[in-house]
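# Analysis of the macromolecular model
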Amino acid sequence: MSKTTTRARARLLLPYLVTAALFSLGAWSLYRLLAPVHLDEVMGMIRATSAGAIALALLCTLGGYAALIGYDWSALRYIGRKLPFPVIAAGGFLGYAVGNTVGAGPVTGGAVRYRIYSALGLSALDIAGISVFGSIAFGVGVISIGIGALAWHPHALETLIPWPAPMVRWGGIVFLATCLGLLLALSLRGGSLTVRGLTLRAPAPGLMAGQFVFTAAETLFSALALYLLLPSDGVGFATFLAVFAVAVMAGVVSHVPGGIGVFETVIIAALPPTVQVGEAAAGLLLFRLIYYLVPFALALILLALAELRMASGPVRAMLAPVFRAISALSPLAMAAMVFAAGAMMMIASLIPPTNAWAERLELVLPLTFIEGGALMSSALGACLLVIAHGLLARLEGAWWLSMVVLVAGAVASLAHGLDYDRAALLALAALALLPTRREFYRATRLTRNILSLRWSLLLLCLGGTLLAVLFFSHKATPYSNDLWWQFASDKTAPRALRAALVGLVVIGLLLLRYALRPARLAEVLPTAEDLARAETIVRAGTDPEANVALTGDKSLLFSSSGESFLMYRAQGRSWVALHEPVGRPDEIAPLAWEFHDAAYAANARPVFYSVSGDSAPIWIDMGLVLHKLGEEAIVDLGAFSLEGSSHKRLRTTHNRALRDGLGFEVLQPPHAPELLVELKAISDAWLAAKSGGEKGFSVGAFDPDYLNRTPIALIRYQGRVVAFANLWVTDRKRRATIDLMRHVDDAPSGVMEFLFIELLLHFKAEGARGIQPGQRAALGAGGAAGRPAEHPAGGAGLSPRRAIL
């Protein structure tokens with residue numbers, strides 16, 4: 001393995017390893033801080049929290065998310081786009097509700113916004129601008145507010161940063177004044193910054209001021225929600241605001257989903273000694289439930305309502321694109337919900353009863369009932385963790401298994417101490433999942449790609465969290481080997497040990513089952529029968545570029561129905577698919593996913609080369625990265641003509657070629673063997689005069705079997721062929737594409753331009769809407785005197801082509 005390859009892989013692994021390390025460090029620090037705290041104390045404090053404090057925290061949450069919607073409103077004004085407010089509200093709320101809970105907010109929230117805003121005409125670049133604007137506004141706003149609060153109360157972080165108060169105050173004032181002055185100057189001057197091809201210009205002063213109001217409102221509302229749930233003990237809100245801002249930034253920088261562990265560690269460590277750790281832990285847990293999980297639950301309800309299409313009349317007509325877009329978010333949201341349900345079930349099986357009613361109940365219920373409920377909860381929770389990955393990949397089997405396991409989990413919760421709360425939550429999760437059935441359409445193996453780096457690290461971190469919960473919940477019980485064999489209704493520690501073991505064993509067996517399964521898909525060149533099947537599919541379609549599959553140099557992956565296929569070739573550890581799958585529209589996404597999973601199963605990297613923007617939702621669901629490689633020209637044949645003063649040069653060239661005796665014809669396949677021999681001589685001479693040999697993959701090559709499947713256009717001069725081009729067409733004749741274009745060395749001047757013009761006139765007469773010059777023509781087929789051939793049709797439309805990695 002080369003040093004370059006090693007460094008590239010190290011760069012790929014580094015973000016995940018750093019995130020896992022920061023999560024582990026935060027979890028370990030939090031565990032040490034909670035050492036003197038007992039679980040029953042924390043649960044008692046949560047139950048003792050007043051209803052008034054919870055209600056006010058919920059109102060603050062409402063205000064905070066209303067301010068977050070303002071982020072999207074400002075961002076849309078920044079990029080100069082207008083959308084109906086209900087659409088902005090849906091995009092903003094869902095983006096932040098899902099992004100804040102799942103983690104990697106700019107990525108997951110950006111994917112959510114893409115689904116909603118693209119349905120109303122926004123481009124991927126527009127939506128990237130919205131996400132970047134929101135991220136920068138959030139970072140600048142939180143830092144400014146935090147430093148401002150520190151300047152107002154410099155003793156806020158003295159337990160973490162023991163610096164002199166005057167230095168903190170004046171340092172904060174100078175830093176804040178410098179930053180705000182720089183931002184104001186950039187805004188007044190209209191300055192800009194270019195990062196990796198994306199130009200960011202400073203917003204206008206009014207827009208900047210309005211966005212700062214939104215940022216300040218969201219930060220103040222979220223900080224106030226937590227402040228209301230924590231014991232005050234003389235801590236002023238200004239002091240707490242500085243601590244909160246630092247904790248939020250630490251959680252964002254760590255890239256840990258939701259900043260779990262990191263945020264809590266900073267808050268507890270920065271609070272003064274007068275605040276009891278148990279009370280702080282109870283307040284933080286309630287804050288997580290109220291500010292993160294409650295909006296996420298509302299987002300799930302909104303998704304379910306969108307699936308049911310419960311709006312009607314004018315409202316439904318206006319929101320129809322939004323409903324369709326929201327429906328496409330179901331896999332991500334449902335996967336997060338099921339994963340959280342599995343983690344909750346496993347954690348609950350490790351925690352002893354925290355109220356007198358549950359303790360008395362365990363003394364009454366049969367021992368088998370209690371032990372079986374704990375073990376069943378742990379095993380079912382482990383299953384849900386693996387099933388969640390299948391939901392993310394839109395697997396139909398994962399949906400059915402999720403429904404079954406959620407219902408079984410509700411039953412197990414009742415068996416495990418009649419836990420009505422947990423049973424109700426699992427039942428509600430099943431109800432939220434129920435109307436999303438049509439979003440899970442892939443009939444494939446459930447555990448494909450479950451050993452990906454991100455998923456493995458996630459499960460590893462969760463496993464560490466479960467062990468931490470186990471030891472924290474039963475730290476008063478000394479460990480002994482006899483604990484494994486103690487069965488009694490009042491022995492919760494042995495029961496938790498067995499439940500943890502069962503859960504971890506189930507995860508291990510499921511992952512081992514996956515790791516040992518062989519790869520199914522291999523790179524095999526197509527047979528003549530395969531090419532005939534592909535030709536039938538291509539002819540029935542609308543995309544002429546699908547004819548490139550008939551070259552025979554790429555493997556073909558057919559759908560189960562045989563009515564669609566995907567072409568690909570392996571290059572090192574990359575499996576490169578050319579274009580989107582070809583065939584039935586309802587089989588495009590499943591076939592792309594099948595290739596994606598098969599590549600990972602073979603320890604390879606899937607790449608989708610030269611795809612259009614219309615298929616972007618598929619690649620976003622896969623978590624792939626889009627790279628724009630260029631644009632292709634499409635000549636509008638409806639507007640093309642040789643008439644008029646603007647086309648005088650084309651008329652002159654065309655008429656001169658006709659006077660010189662050039663003739664044009666298009667021959668349909670199959671072709672006469674003697675013609676192919678003549679064309680082979682032209683092709684060999686043409687290649688000999690060029691640098692390099694035949695190309696391949698995305699373009700055709702001179703092969704008699706391949707050319708016998710495509711029409712060929714000929715230019716004859718004095719009875720002999722002097723130039724030719726093979727053509728990609730379909731039976732629908734909506735568009736055509738030019739592939740090979742070659743000519744003899746002594747061809748008359750202007751022969752290739754004449755060929756272009758005749759092809760345009762030919763396909764216009766056949767009723768085609770457009771023609772693509774193709775990659776070879778776009779690069780220049782070479783004129784008779786070695787000059788690049790000029791494109792004969794001005795005003796060709798451009799559409800982007802992309803590679804998805």
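With that settled, the discussion passes to helix 8 (residues 205–229). Note on helix geometry: an α-helix contains 3.6 residues per turn, so any two residues three or four positions apart are oriented the same way. Taking 1.5 Å of rise per residue, the 25 residues of helix 8 would be expected to cover 36 Å, and the 36 Å separating its terminal C-alpha atoms lies within 8% of that figure. Every buried residue of helix 8 is listed here: L207, Q211, T215, A216, E218, T219, S222, A223, A225, L226 and L229.

So, on to helix 17 (residues 420–433). Here helix 17 is 14 residues long and its end C-alpha atoms lie 20 Å apart, about the 20 Å a rise of 1.5 Å per residue gives. Along helix 17, the residues classified as buried are R422, A423, L426, A429, A430, A432 and L433.

Taken as a whole and judged by the stated rule, the model has 15 salt bridges. Where E535 meets R539, a salt bridge forms, and the shortest distance between an N and an O atom there is 3.3 Å. Linking E535 with R539, this pair stays in helix 20 (residues 528–540), spanning 4 residues, or about one helical turn. Residues E535 and R539 agree in their burial class; the two are buried. In this structure, a network of salt bridges that share partners links the residues E563, R584, D586 and E587.

What follows deals with a nonpolar patch on the surface. Taken together, L58, V294, L298, I301 and L305 make up a surface patch of nonpolar side chains, about 380 Å² in accessible area. A per-element tally of the nonpolar patch places helix 11 (residues 277–308) first, with 4 residues. As for its position among the elements, L58 is in helix 3 (residues 51–78). The class of L58 is partly exposed, set by a relative accessible area of 37%.

Time to look at the environment of A90. Mapped onto the elements of the fold, A90 is located in helix 4 (residues 85–102). Note on A90: relative accessible area 11%, which makes it buried. Sequence separation of A90 and I69 is 21 residues, and the distance between their C-alpha atoms is 8.4 Å.

This brings us to the confidence of the model for the protein chain. Averaged over all residues, the pLDDT of the protein chain is 75; the fraction at 70 or higher stands at 68%. Segment residues 310–315 is flagged for pLDDT under 50; beyond a separation of four residues in sequence, or across chains, it makes 3 contacts in the model. Contacts from residues 359–372, a stretch scored under 50 in pLDDT, to residues over four places away or in other chains number 24 contacts.

Core analysis: the biggest nonpolar cluster contains 63 residues, and Y117, L226, F240, F244, F263, I267 and F287 have the highest contact counts within it. Counting residues per element, this core draws most heavily on helix 11, which supplies 10 residues. Apart from residues no more than four positions distant in its own chain, F244 is found in contact with T219, S222, A223, L226, F263, I267 and F287. Counting 61 residues, the second-largest nonpolar core is a separate cluster that includes V538, L550, L556 and L676.

A few words on the packing of aromatic side chains. Summed over all chains, the structure comprises 22 aromatic pairs. Seen from their ring centres, Y227 and F240 are 5.6 Å apart, and the 50 degrees between their planes marks the pair as tilted. Taken as a pair, Y227 in helix 8 and F240 in helix 9 (residues 237–254) lie far apart in primary sequence, 13 residues in all. Look at Y227 and you get partly exposed, because its relative accessible area is 21%.

Two numbers describe how helix 6 (residues 124–152) lies on helix 8: the axes approach to 9 Å, and their chain directions differ by 65 degrees. Along this stretch, helix 6 crosses helix 8, giving a crossing that reads as right-handed. In contact with F133, A137, F138, G141, V142, S144 and I145 of helix 6, helix 8 contributes Q211, F212, T215, A216, E218 and T219.

Here we come to the pairing of strand 4 (residues 564–571). Strand direction decides the pairing type here: strand 3 (residues 555–558) and strand 4, joined by 4 bridges, are antiparallel. Looking at strand 4, one finds that F558 is bridged to F565. Bridge analysis of strand 4 against strand 5 (residues 574–583) gives 7 bridges, and the strand direction is antiparallel. In the strand pairing of strand 5, F565 is matched with V582. The antiparallel pairing of strand 4 with strand 5 creates a hairpin that spans 2 residues between the two strands, and G572 there sits at a positive phi of about 65 degrees.

Moving on, we come to unusual backbone geometry. With an omega of -5 degrees, the peptide bond between P669 and P670 qualifies as cis. For P670, the position within the fold is in the loop between strand 8 (662–667) and helix 24 (673–688). Although it is not a glycine, Q718 adopts a positive phi angle of roughly 55 degrees. Relative to the helices and strands, Q718 is located in the loop between strand 9 (712–717) and strand 10 (720–728). With a relative accessible area of 68%, Q718 lands in the exposed category. Even without being glycine, K733 reaches a positive phi, approximately 55 degrees. One can find K733 in the loop between strand 10 and strand 11 (735–743).

Parameters at a glance
- Residues numbered from 1 in each chain as written.
- Predicted model: local features only at pLDDT ≥ 70, side-chain atom pairs only at ≥ 80, totals over all residues.
- Heavy atoms only, no water.
- Helix = DSSP H or I, 4+ residues; strand = E, 2+ residues; numbered from the N terminus.
- Expected span 1.5 Å × (residues − 1).
- Buried < 20%, exposed > 50% of the residue type's maximum accessible area, 1.4 Å probe, protein only.
- Salt bridge = Lys/Arg side-chain N within 4 Å of Asp/Glu carboxyl O.
- Patch = residues over 30% accessible without salt bridge, like charges linked within 9 Å, V, L, I, M, F, W, Y side chains within 5 Å.
- Areas by Shrake-Rupley, 256 points an atom, 1.4 Å probe, with all protein chains shown as cover.
- pLDDT = per-residue confidence, 0-100.
- Contact = heavy atoms within 4.5 Å.
- Core = buried A, V, L, I, M, F, W, Y, C linked by side-chain atoms within 4.5 Å.
- Phe/Tyr/Trp six-rings, centres within 6.5 Å; stacked < 30°, edge-to-face > 60°.
- Axes fitted to C-alpha atoms, helices over the stretch in contact; angles between N-to-C directions.
- Left-handed = near helix turned anticlockwise from the far one by under 90°.
- Pairing = 2+ DSSP bridges.

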